[in-house]
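What the coordinates show
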Amino acid sequence: MTALMQTYARLPVAFERGEGACLYDNQGRAYLDALSGISVCNLGHAHPAVTRAISEQANRLVHTSNLYRIPPQEALAEELCGLAGMDRVFFSNSGAEANEAAIKLARVYGHNNQVKMPGIVVTEEAFHGRTSGALSATANPAIRSPFEPLLQGFYRIPYNDLAALENLADQQDDIVAVLVEPILGEGGIIIPDEGYLSGIRSICDRQGWLMMLDEVQTGNGRTGHFFAYQSEGILPDVVTTAKGLGNGMPIGATLARGKAAEALSSGSHGSTFGGNFLACAAARAVIRSIQTEGLLARVRELGQLVQNAFTERLKGVNQVKAIRSRGLMIGIELARPTTTDLVAAALQRGLLINVIRNQTIRLLPPFVISNEQALKMVDVVTSLIKEEKA
Ligand SMILES: *Cc1c(COP(=O)(O)O)cnc(C)c1O
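The rules behind the values
- Residues numbered from 1 in each chain as written.
- Predicted model: local features only at pLDDT ≥ 70, side-chain atom pairs only at ≥ 80, totals over all residues.
- Heavy atoms only, no water.
- Helix = DSSP H or I, 4+ residues; strand = E, 2+ residues; numbered from the N terminus.
- Buried < 20%, exposed > 50% of the residue type's maximum accessible area, 1.4 Å probe, protein only.
- Contact = heavy atoms within 4.5 Å.
- Polar contact = N/O pair within 3.5 Å; in protein donor to acceptor, adjacent residues only side chain to side chain.
- Near = heavy atom within 4 Å.
- Areas by Shrake-Rupley, 256 points an atom, 1.4 Å probe, with all protein chains shown as cover.
- pLDDT = per-residue confidence, 0-100.
- Phe/Tyr/Trp six-rings, centres within 6.5 Å; stacked < 30°, edge-to-face > 60°.
- Lys NZ or Arg CZ within 6 Å of the ring centre and 35° of its normal.
- Arc of directions from axis to C-beta.
- 1 Å grid on protein atoms, 1.4 Å probe; cavity = no way out; pocket = protein on both sides within 12 Å on 5 of 7 lines; lining within 4 Å.
- Points joined across faces, edges and corners; volume = space filled by probe spheres on them.
- Nonpolar A, V, L, I, M, F, W, Y, C, P; charged D, E, K, R; others polar.
- Pairing = 2+ DSSP bridges.

This part takes up the side chain of T123. You can see T123 is positioned in strand β5 (residues 119-123). With a relative accessible area of 2%, T123 lands in the buried category.

Moving on, we get to the environment of S36. By the secondary structure assignment, S36 is in helix α1 (residues 36-39). For S36, a relative accessible area of 0% translates into the label buried. C-alpha separation for the pair S36 and F367, spaced 331 residues apart in sequence, amounts to 9.3 Å. Every residue in contact with S36, bar those within four places of it in the chain, is listed here: C41, N42, R222, L364, P365 and P366. Looking at S36, its side chain comes within polar contact range of the main-chain oxygen of L364, at 2.7 Å.

Next up on the list: the site of the ligand. Lining the immediate surroundings of the ligand are S94, G95, A96, N99, F127, H128, G129, E181, D214, V216, Q217 and K243. A96 is positioned such that a nitrogen or oxygen atom in its backbone is 2.8 Å from an oxygen atom of the ligand. D214 has a polar side-chain atom sitting 2.7 Å from a nitrogen atom of the ligand. Protein contact buries 81% of the 380 Å² of open area that the ligand shows by itself.

Moving on: the confidence of the model for the protein chain. Mean pLDDT over the protein chain: 97, with 99% of residues reaching 70 or higher. Between the elements of the protein chain, mean pLDDT differs from a low of 94, seen in helix α6 (residues 141-144), to a high of 99, seen in strand β8 (residues 210-214).

As a further point, take unusual backbone geometry. Where the residue is not glycine, phi is negative for most of them; where a peptide bond is considered, it is trans in most cases. The linkage connecting E148 with the following residue, P149, adopts the cis geometry, with an omega of 5 degrees. Despite not being glycine, S39 has its phi angle at roughly 60 degrees, a positive value. Within the secondary structure layout, S39 lies in helix α1. S39 sits in the buried class, given a relative accessible area of 1%. One non-glycine residue, A46, lies in the positive phi region at around 55 degrees.

What follows is about the packing of aromatic side chains. One pass over the full model with this rule turns up four aromatic pairs. A centroid spacing of 5.3 Å and a plane angle of 65 degrees characterise the contact between Y159 and Y196, whose relative ring orientation is edge-to-face. A residue pair is termed long-range when its members are at least 10 positions apart, and Y159 in the loop between β6 (154-157) and α7 (162-171) and Y196 in helix α8 (residues 196-207) qualify at 37 residues. Here Y159 and Y196 have matching classes, each one buried. Aromatic rings pair up to connect F226, F227 and Y229 into one cluster. Above the face of the Y24 ring, R17 is positioned so that its terminal group lies 4.1 Å from the ring centre.

The next subject is α7. Considered for burial, the residues of α7 that qualify are A164, L165, L168 and A169. Along the axis of α7, the buried residues cluster in a sector spanning 145 degrees; they form a single face. Exposed side of α7, more than 90 degrees from the buried face: D170 and Q171 are the residues found there. Lining the buried residues of α7 we find β5, β6, β7 (175-180) and α8.

This next bit is on the layout of surface pockets. Reported here for the second largest pocket is a volume of approximately 740 Å³. Lining the second largest pocket are 28 residues, and of these Q73, V89, F90, F91 and L264 sit closest to its centre. Looking at the lining of the second largest pocket, the elements that each hand over two or more residues are α3 (71-84), β4 (88-92) and β10 (252-256). A breakdown of the residues in the lining of the second largest pocket according to their chemical character gives 12 nonpolar, 11 polar and five charged.

This brings us to the sheet that holds strand β13 (residues 351-352). Spatially, β1-β2-β3-β13 is the arrangement adopted by the four strands of the open sheet, whose pairing is mixed. Each edge of the sheet is formed by a strand with only one pairing partner; in this case those strands are β1 (15-19) and β13. Sheet topology note: the β1/strand β2 (residues 22-25) ladder contains four bridges and is antiparallel. Directly across from F15, in β2, lies its bridge partner D25.

Listed below in structure tokens is the structure:
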């Protein structure tokens, strides 16, 4: 690993094969994957339909260019717009890029409406990606400050705080958009109050602002709806997604409707790889599988099972502060930062988990996990937490 830049502190394990919710390391040891590559391999590893779509497409054509028509990209755009209630899509290769497109779209939209310095409202604890623009929208000072000066023109308010948004609306007249996550992912699986998204929607409608949702992590079925906003019965103006869309093939998407869908014009934005044949073939197979395998209902059912099991098993355990979940997006917040390396301890027991800021255990298991595997995940996590007590 010495030839790699040291951007990641990696665990001492190398996987070489996967199947469903299981990964196998180069010693042949099996692990239960409760993270899905951070909500990417939502259909599990080596999903047959996705594998077939990728191999068949690779046999025919991987890439041409956005200088030409790309029929699978057009088909994917129609399918995604149909699912999301949007009109148009711009394809890129990652979540950060999907947000970059949204930020650029909002600025253009502002200029088109004669706003000289169009501002975008973002929230505390937000994570929008690591490129300079997306990082400027991100909150965490630890990952921002080494790279300053960052992009200007963002207003930051507390998450889940409609009054703060109202206040800002009274004070600033150069705001053109609000960019938020429907549930904070990297921020600790924070689920806002019911009515938060519809409240943002009303304020945006009144002010003429674009409501832009970052569904990079929450999208593609993770919460039991294709997009998380669909559980509140509202439509944003812009939605970004990536992670689970290609089940491991890199693809990002920025969806928009109405006037927002017309903001980016010919030549104003682009991507060499974005929406190429291979990525789009994978994403189409993902969408088809989510639909034909009834996975949204399954995510809701599994989510309930896991939430109930944790609630029961962790009852009265005083180092647990809160159990938060929506579908298969699960966070267990501890009362205080852990003193042990829970990720390493879980790995030793054959379970892959993630811990946010030493305090919130994050579980994002694949949708194809069995009830038995889900309960095993609950079991291992429960014993790790109970052992923390010492
Ligand atoms: C992961 C994530 C991103 C960044 O996606 P990349 O593909 O890593 O660039 C942006 N927003 C949210 C909410 C995320 O969870």
